[in-house]
Amino acid sequence: MRNKIEIKILLILFILFSFAVPAFASTYSVQDAVYDTVNYYKNNKTELSSWEEVIGLRGAGEDLSAAPWQLPDWKVNELDDTSPALDYAKTILGMLAAGQNPADAEGRNLVEELAAKQSGDGGFGGAINQTIWSIIALDTAKADYDANKAVAYLLAGQRSDGGFSLTGATGDPDPDITGFALIALASYQDINGVDAAINGAKDCLLNIQLASGGFKSGTIENTESISAVIRGLVACGEDITADKWKKNDQTMIDALLAFKLEDGSFSHIIGGNSDSIATRQALIALADLVNGNVFYNIREGTTPIPKPAENVTARVRVEGASACLADKTVTLTGTATAMDALKAAVGEENLQATGGFITRILGESGQAGVAEDTDTYWFYYVIRNGSADLSAFDLGADSFNVQNGDQIVFYIGALDSNTYASKTYLPVITVSPQSPTAGQTLTLTISAKKYVWGSGLLDLTPEETSAIGDYIVIADNNTYTGQSGQVAIPNVSAGTLTVRVENYNRLGYPNVVPAVIPLTISPGEGASGPTGETFKIKIKVTGKNREVLYSGSLNLNKNERRDPIFALQKTGLDVEVRYDGQYVYSIEGIAEDTGSTAGWKYKVNGVAPPSTSARDYELQDGDELEWFWAVDASDNGDLSPITPEIPEIPAGRQKAAQQAHEKAMEELKKMAESFATPAAQREELYEIVELTGIKAIIVGADNPMTEHEHGYTAGGYHDGC
């Protein structure tokens, strides 16, 4: 359900039981799968960033108060009256799983605050999942709220086919939302109508179950949908291994484990790479099976088979305090980390790293006290699919797994020795035109962002931007200096042009990590020898009021990503993605409405793919891509924003308004002339009066306004509130 306006992100009501680590045998069981996935986290991600990870690991019996686990920052200070109920629910559930008290979170009672969000109709605002997870969170916290009304609200939202969906009666039933609804209803089977609703939901799920035993959102079978259904059915006490839930002798457990990778993680789709959302939601489902005493051995022939080792090619760049020390493309076999890539690039003998902490590369180390209140260290970040991979910031280089095409940059960076705030920032560079041809002038727009743990990449303050000064750009043995963040490179030649952007501090460290940008300059019109490496698409981006934010053509390289999110990012618009780059949250500051199903969607050649996520869709030559603001989940770009009807003002009243305005101006000027003020001040008064530009409609007793006109205000119609 990756392409939905509100991405599914929430989990099952958990049973915090522990269980013993299974012994391996000739068969592969659910317990074995839990063991493998927990080990994946221990080997790759002990610093937890999602509350779902906390739920899954605690359900698997892990003591999260002990090493090696580090809990997320719950960001309690960001929860307020404007926060959707969903945000409260996930924080409450995460804190409870971590053994913390959400009723005393930094002096606040989050449970009471969530309960207070319940409206008179029993719901918690927005789409139906807001109410689903409010019920789950409040029940888990044993809160005092009107549960009967909340359940009644949920039952009223059930579809005629027995399923549930973010879009209500329109579209198809959603297995994810249906599974979540079953979790919420499981504790209320004594309430009239709930048993019938649960049975209806089960029938719906039976009808949409796939031949593999699994479930899909739209057209794509995926880990998360299968996990949600398992969690919901187990919560209701359903035997999911019974014959009625088998398809071709396969259960939904077999279907889920078909997505499991050799390292214990899960992919979103069959044949895909490791996916953080899929992994944590699968772990919750598996732990619920074990805690629900569902003992099942995987069918022979469906036990996950290790994939043959594949080569991974990555580029490694090592940037010292004042120069580039190494820039090499390496090929690694099998699962490899960023540290493995560094060793391959510089040689293990040229690297010092204790416990994963890098202290020296090619003879260069960080320095304490390089400047006042400033120390330098070795850091790294990863450029994946054209943008910084945020998950790398949470992992050491020996824990981050490299993917094909990654660029890994190790660099000397500066920290404030008191606050530990970064003083070396990450470059953000756009190139115009995006598909340059010989003879054109290239314009580089250069800025920087800073990484703040727990908040991600943030814009610099005006003071920080001013402090780092101008950028130096080196291209084709020529050096250019940036003015106000822009550099122009005139009359570029056909072929490959490598551009290096630098910004060093004279005190001995980079203000901004150096960037290296390889560009292909085409011969232009009339030249022969097309490269055959690119294809062209048209792209249009329209905002909330159908205003055009971008319209033009893009050339995409056939050897790089070809999905709509990547194409959107290449427009140069300000795009914020979430969930490991798989979901567009905002464009040009226009963000998803978390209180409803309004947000960003896309369509190709006039058609909105029903379920293929923007990250998984593959664009073709000549495609016309449009990103648009959807007013709700059912909007395919053909719904119009709601605007108030402005009543037509009769000509007679318009004339009266003009006469009244002229008379008022005349009286104001007379008043101004009577003031003992200099002429300049009187002139300023006139200007202020004119600038107000407010025209009042003055109506005599013999010519009253109609009720329709009287109800109109500058902001629309008022309702007496």
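Residues numbered from 1 in each chain as written. Predicted model: local features only at pLDDT ≥ 70, side-chain atom pairs only at ≥ 80, totals over all residues. Heavy atoms only, no water.

## Quick look at the pairing of strand 15 (residues 478-481)
In step 1: Pairing of strand 14 (residues 472-475) with strand 15, which is carried by four bridges, proceeds in the antiparallel orientation. Pairing of I474 across the sheet is with T479, part of strand 15. (Pairing = 2+ DSSP bridges. Helix = DSSP H or I, 4+ residues; strand = E, 2+ residues; numbered from the N terminus.)

## Some remarks on the packing of aromatic side chains
In step 1: Within this structure, the stated rule accounts for 11 aromatic pairs.
In step 2: Taken together, a centroid distance of 5.5 Å and an interplanar angle of 40° make the contact between Y602 and W627 tilted. Within this pair, whereas Y602 is found in strand 24 (residues 599-604), its partner W627 is found in strand 25 (residues 624-630), the two being separated by 25 residues in sequence. Take Y602 and W627: they sit in the same class, and that class is buried.
In step 3: Through a chain of ring-to-ring contacts, three or more aromatic side chains come together here, namely Y377, F379, Y381 and Y411.
In step 4: Across from the ring centre of W629, 4.9 Å away, lies the NZ or CZ of K544, which sits over that ring.
In step 5: Cation over ring: K603 sits above F628, and NZ or CZ is 5.3 Å from the ring centre. (Phe/Tyr/Trp six-rings, centres within 6.5 Å; stacked < 30°, edge-to-face > 60°. Buried < 20%, exposed > 50% of the residue type's maximum accessible area, 1.4 Å probe, protein only. Lys NZ or Arg CZ within 6 Å of the ring centre and 35° of its normal.)

## Some points on the nonpolar core
In step 1: Judged by nonpolar contacts, the single largest core of 88 residues is most densely connected at I132, W133, Y145, I230, M252, L286 and L289.
In step 2: Counting 28 residues, the second-largest nonpolar core is a separate cluster that includes A321, A326, L342 and L351. (Core = buried A, V, L, I, M, F, W, Y, C linked by side-chain atoms within 4.5 Å.)

## Points about the pattern of salt bridges
Close approach of charged atoms allows side chains of opposite charge to pair.
In step 1: Evaluation of the coordinates by the stated rule reveals 21 salt bridges.
In step 2: We note a salt bridge from E113 to R108, for which the minimum N-O separation is 2.7 Å.
In step 3: Looking at E113, the relative accessible area reads 25%, which means it is partly exposed.
In step 4: R108 gets classed as partly exposed once you look at its relative accessible area, which sits at 22%.
In step 5: Here D459 and K449 are joined by a salt bridge, their closest N and O atoms 2.4 Å apart. Of the two residues, D459 sits in strand 13 (residues 456-459) while K449 sits in strand 12 (residues 442-452), which places them 10 residues apart along the sequence.
In step 6: Where salt bridges share partners, they join R317, E319, R500 and E502 into one cluster. (Salt bridge = Lys/Arg side-chain N within 4 Å of Asp/Glu carboxyl O.)

## Comments concerning the sheet that holds strand 18 (residues 509-521)
In step 1: The strand order 15-14-17-18 describes an open sheet built from four strands, whose pairing is antiparallel. Looking along the sheet, the strands with just one partner apiece sit at the ends: strand 15 and strand 18. For this sheet the average axis-to-axis angle between neighbouring strands, irrespective of direction, equals 20°. (Axes fitted to C-alpha atoms, helices over the stretch in contact; angles between N-to-C directions.)

## What about the packing of helix 7 (residues 175-185) against helix 9 (residues 223-235)?
In step 1: Helix 9 packs onto helix 7 with a crossing angle of 25° between their chain directions and a minimal axis gap of 7 Å. It follows from the interaxial angle that helix 7 and helix 9 lie roughly parallel. As helix 7 packs across helix 9, the resulting crossing turns out to be left-handed. In contact with P175, D176, G179, F180, L182 and I183 of helix 7, helix 9 contributes E224, S225, A228, V229, R231, G232, L233 and A235.
In step 2: Residue classes in the contact of helix 7 with helix 9 are distributed as eight nonpolar, three polar and three charged. (Parallel < 35°, antiparallel > 145°, perpendicular 65-115°, else oblique. Left-handed = near helix turned anticlockwise from the far one by under 90°. Contact = heavy atoms within 4.5 Å. Nonpolar A, V, L, I, M, F, W, Y, C, P; charged D, E, K, R; others polar.)

## A short note on the sheet that holds strand 19 (residues 534-542)
In step 1: With mixed pairing, four strands are arranged side by side in an open sheet as 20-19-25-24. Here the strands that pair on one side only, and so sit at the sheet edges, are strand 20 (548-557) and strand 24. Between one strand and the next, the sheet's axes are offset by a mean angle of 20°, whatever the strand orientation.
In step 2: Summarising the sheet, strand 19 and strand 20 pair through nine bridges and their orientation is antiparallel. Bridge pairing in strand 20 places K536 opposite N555.

## As for the packing of helix 2 (residues 51-59) against helix 3 (residues 85-97)
In step 1: As a packed pair, helix 2 and helix 3 sit with axes 9 Å apart at the nearest point and diverge in direction by 35°. For the crossing formed where helix 2 meets helix 3, the hand is left-handed. Only K90, L93, G94 and A97 of helix 3 make contact with helix 2, whose side of the interface consists of W51, V54, I55 and R58.
In step 2: A per-class count over the contact of helix 2 with helix 3 returns five nonpolar, one polar and two charged.

## Regarding the side chain of E224
In step 1: Relative to the helices and strands, E224 resides in helix 9.
In step 2: Residue E224 is classed as buried on the basis of its relative accessible area of 0%.

## Quick word on unusual backbone geometry
In step 1: Of note, the amide linkage connecting A67 to P68 takes the cis form, showing an omega dihedral of 10°.
In step 2: Tracing the backbone shows P68 in the loop between helix 2 and helix 3.
In step 3: Look at the link from S432 to P433: it is a cis peptide, with omega at -5°.
In step 4: One non-glycine residue, D373, lies in the positive phi region at around 60°.

## Quick notes on the confidence of the model for the protein chain
In step 1: Scored by pLDDT, the protein chain has a mean of 82; 80% of the residues are at 70 or more.
In step 2: The model gives residues 526-532 a pLDDT under 50, and that stretch makes two contacts with residues more than four places away or in other chains.
In step 3: Segment residues 705-721 is flagged for pLDDT under 50; beyond a separation of four residues in sequence, or across chains, it makes 22 contacts in the model. (pLDDT = per-residue confidence, 0-100.)

## With respect to the side chain of E319
In step 1: Tracing the backbone through its elements, the reader meets E319 in strand 3 (residues 311-319).
In step 2: Its relative accessible area of 0% is what places E319 among the buried residues.
In step 3: At a separation of 2.8 Å, a polar atom in the side chain of E319 contacts the side chain of R317.
In step 4: The residues contacting E319, other than those within four sequence positions of it, are C324, W378, V409, F410, Y411, I412, R500, Y504 and P514. (Polar contact = N/O pair within 3.5 Å; in protein donor to acceptor, adjacent residues only side chain to side chain.)

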